[in-house]
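Overview (structure and organization)
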There are 2 protein chains.
Amino acid sequence: MNTSPEQPKRKRPTGRRVGDSGTRDAVLDAARDLFAEQGYDKASMRAIASQAGVDPALIRHFFGDKEHLFAETMAARTAIPERMGAAIAGPPEGLGRRATDAYLRLWEDPDTRSILLGLVRSAMTSEYGVQLLVETMAGRMPVDTPMPDVRNPKARSLGLAASHLFGVAVARHVLRLPVIADMPHDDLVDSLAPVIQRYLAGAATE
Amino acid sequence: MNTSPEQPKRKRPTGRRVGDSGTRDAVLDAARDLFAEQGYDKASMRAIASQAGVDPALIRHFFGDKEHLFAETMAARTAIPERMGAAIAGPPEGLGRRATDAYLRLWEDPDTRSILLGLVRSAMTSEYGVQLLVETMAGRMPVDTPMPDVRNPKARSLGLAASHLFGVAVARHVLRLPVIADMPHDDLVDSLAPVIQRYLAGAATE
């Protein structure tokens, strides 16, 4: 937890209400930083409140429990759903390349990477972390689709494409497997795009 | 740590030397169980010694440190390298299907799955866990190849195939993403084999 000297760590709650937009911003910023640094499980509501300079009870009153604060932080402080949504929009023939490029960039951007790393670490050790990761990457897409039928070949093809991109991202940024970690972004997109296109085209037409 | 009533938990070291094959087996069995249940980081040498009924100093004397005990346990108690090696041997045209089938079976077999789960969890939280996972899955293949040049397209294709299979295994067995977790083994092999074949053929011919 890096606290700059200008911002004393344990300053007393200021009495600002969390409904004030400045305070709301401070809570979301603190939550983003601590979820990224410590992962979902270890980042405590108390530590987030302390870093934001508000009372923990106020956070709970306005955001609800930690799960809801996390969901709100993802929505308000990472543009993950919008960025993936923008990549998915557009002509179908370039979809594999656009989705691959956008997904890899989420992991290369230091702000979103730290959030994704925290999510993946939480997902490995807690059931709820899994749900958060899946919702962040899939369930919060702008297009509001009903839960897919798991026997549906389209849903399966989407799942395989997502699993492939996820495996490459983990190999590149968590495991740091040299042969994947050292590939330039454009080479990686060139290698993956035809495979992802094939899965996504299958998902669109089957 | 499930200790059956027949096997009291903290029985005194019996004085058997760890060089005795029975004692060596007991240490490797205990290590396999605890690494699988608790992951690499949490499974302590003391707990392994206690479960095996030997003195921790004896384990250290004969196996060395925890890293070496782990490597020895993987080699002696999981047939992962042999099973992947057997799948890789054979005619090149069926390689993608054989490798996919063998890899997915490692995760479906309860004995190897528990070891792989422990490895993946360790890899997410420790640098050394990463090294163990990579070595177990890749570096300990029977064919003794030099470390691949990361700019080599063959090595990259192998890395992409491995990342794809890894991502699917994590989605299926760790994240339990329904659309992947509920796919029958044969359907999953049918979907993945052509993609893995394409990567591996690229690795063989480029």
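Everything discussed here concerns the structure shown above.
Now for a quick tour of the structure. (Residues numbered from 1 in each chain as written. Chains lettered and ligands numbered in written order. Predicted model: local features only at pLDDT ≥ 70, side-chain atom pairs only at ≥ 80, totals over all residues. Heavy atoms only, no water.)

The next subject is the overall build of chain A. Across its full length, chain A carries 11 helices and zero strands. N-terminal to C-terminal, the α/β element order of chain A is α-α-α-α-α-α-α-α-α-α-α. Classification of the 206 residues of chain A by burial places 47% in the buried group. Taking the intrachain contacts of chain A between residues at least 6 apart in sequence as the baseline, contacts between residues at least 24 apart amount to 65%. Taken as a whole, chain A presents about 10,000 Å² of accessible surface, with 52% of it coming from carbon and sulfur. (Helix = DSSP H or I, 4+ residues; strand = E, 2+ residues; numbered from the N terminus. Buried < 20%, exposed > 50% of the residue type's maximum accessible area, 1.4 Å probe, protein only. Contact = heavy atoms within 4.5 Å. Areas by Shrake-Rupley, 256 points an atom, 1.4 Å probe, with all protein chains shown as cover.)

Residues and elements named next belong to chain B. You can see H185 is positioned in helix α11 (residues 185-205). Within polar-contact distance, the side chain of H185 engages the side chain of D101 at 2.6 Å. Side-chain polar atoms of H185 contact the side chain of E108, separated by 2.8 Å. If we skip the residues at most four places from it in the chain, H185 touches D101, L104, R105, E108 and R172. (Polar contact = N/O pair within 3.5 Å; in protein donor to acceptor, adjacent residues only side chain to side chain.)

Let us now look at the interface of chain B and chain A. Between chain B and chain A, the contact holds 38 residues from the first and 38 residues from the second. Around 3,300 Å² of area is buried between chain B and chain A when both sides are counted, 73% of it from carbon and sulfur atoms. For the chain B face of the interface with chain A, the top three residues by lost area are M124, R156 and L175 of chain B, together amounting to 20%. Counting the contacts that link chain B with chain A gives two salt bridges. (Buried area = accessible area lost by both parts, 1.4 Å probe. Salt bridge = Lys/Arg side-chain N within 4 Å of Asp/Glu carboxyl O.)

A separate point is the environment of R46 of chain A. With respect to the element layout, R46 of chain A can be found in helix α2 (residues 45-52). Taking C-alpha positions, R46 of chain A is 9.4 Å from I59 of chain A, a pair spaced 13 residues apart along the chain.

Moving on, we come to unusual backbone geometry. Positive phi values are uncommon outside glycine, yet R176 of chain A reaches one of about 50 degrees. By secondary structure assignment, the location of R176 of chain A is in the loop between α9 (153-173) and α10 (178-181).

This part takes up the packing of helix α1 (residues 21-42) of chain B against helix α4 (residues 66-77) of chain B. Residue and element names in this part refer to chain B. Taken N-terminus to C-terminus, the directions of α1 and α4 make an angle of 105 degrees; their axes are 9 Å apart at the nearest point. Judged by the inter-axis angle, α1 sits roughly perpendicular to α4. Contacts between α1 and α4 involve R24, D25, V27, L28, D29, A31, R32, F35, Y40 and D41 from the first element and K66, E67, L69, F70, E72, T73, A76 and R77 from the second. Here the residues of the contact of α1 with α4 sort into eight nonpolar, one polar and nine charged. (Axes fitted to C-alpha atoms, helices over the stretch in contact; angles between N-to-C directions. Parallel < 35°, antiparallel > 145°, perpendicular 65-115°, else oblique. Nonpolar A, V, L, I, M, F, W, Y, C, P; charged D, E, K, R; others polar.)

This paragraph deals with the pattern of salt bridges. Any two side chains of opposite charge can pair, given that their charged atoms come close. Following the criterion strictly, the structure yields 20 salt bridges over all chains and no others. Ionic pairing is found between R156 of chain A and D187 of chain B, a salt bridge with its closest N-O pair at 3.1 Å. Here D187 of chain B lies in helix α11 and R156 of chain A lies in helix α9, a pairing that spans two chains. Accessibility expressed as a relative area gives 14% for R156 of chain A, which makes it buried. The class of D187 of chain B is partly exposed, set by a relative accessible area of 29%. Salt bridges sharing partners connect three or more residues here, namely D25, D29, R32, D33 and R77 of chain A.

Turning our eyes to something else, we now look at the packing of α2 of chain A against helix α3 (residues 56-63) of chain A. Residue and element names in this part refer to chain A. The interhelical angle for the contact between α2 and α3, taken along N-to-C directions, is 105 degrees, at an axis separation of 8 Å. As summarised for this structure, α2 and α3 are arranged roughly perpendicular, according to the angle between their axes. Packed against α2, whose contacting residues are M45, R46, I48 and A49, the element α3 presents P56, I59 and R60 at the interface. Looking at the contact of α2 with α3 residue by residue, the classes come out as five nonpolar, no polar and two charged.

Once chain B is rotated about the relating axis by 180 degrees and shifted along it by 0.0 Å, it coincides with chain A to within an RMSD of 0.0 Å. Both copies are brought into coincidence by an operation consistent with a two-fold rotation axis. Taking C-alpha positions as the reference, the residue of chain B nearest the rotation axis is G167 of chain B, at 1.8 Å. (Least-squares fit on C-alpha atoms with pLDDT ≥ 70 in both.)

Counting 125 residues, the largest nonpolar core has I59, L69, F166 and L192 of chain A together with I59, L69 and L192 of chain B as the members making the most contacts within it. Contact partners of L192 of chain A, with chain neighbours within four places excluded, come to T100, L104, H164, L165 and V168 of chain A together with L160 and Y199 of chain B. (Core = buried A, V, L, I, M, F, W, Y, C linked by side-chain atoms within 4.5 Å.)

What follows concerns the packing of aromatic side chains. Residue and element names in this part refer to chain A. Across all of its chains, the model carries two aromatic pairs over all chains by this definition. Judged by centre distance (4.9 Å) and plane angle (75 degrees), the rings of F35 and F70 are edge-to-face. Taken together, the positions of F35 in helix α1 (residues 21-42) and F70 in helix α4 (residues 66-77) put the pair 35 residues apart, joining distant regions of the chain. Look at F35 and you get buried, because its relative accessible area is 2%. A residue is classified by how much of its surface remains accessible, and F70, at 3% relative accessible area, is buried. (Phe/Tyr/Trp six-rings, centres within 6.5 Å; stacked < 30°, edge-to-face > 60°.)

So, about α1 of chain B. For an α-helix, 3.6 residues make a turn, and residues three or four places apart therefore share a direction. Its 22 residues give α1 of chain B an end-to-end C-alpha distance of only 26 Å, which falls more than 12% under 32 Å, the value for a rise of 1.5 Å per residue. Every buried residue belonging to α1 of chain B is among T23, A26, V27, L28, A30, A31, L34, F35, A36, G39 and Y40 of chain B, and all of these are buried. (Expected span 1.5 Å × (residues − 1).)

The next subject is the environment of A155 of chain B. Residues and elements named next belong to chain B. On the secondary structure map, A155 appears in helix α9 (residues 153-173). Residue classification places A155 among the buried residues on the basis of a relative accessible area of 9%. In this structure, the C-alpha to C-alpha distance between A155 and L200, residues 45 residues apart in sequence, is 9.7 Å.

We now examine helix α6 (residues 95-108) of chain A. The end-to-end C-alpha separation of α6 of chain A is 20 Å, in line with the 20 Å expected for 14 residues at 1.5 Å each. Every buried residue of α6 of chain A is listed here: L95, G96, A99, T100, A102, Y103, L104, L106 and W107 of chain A.

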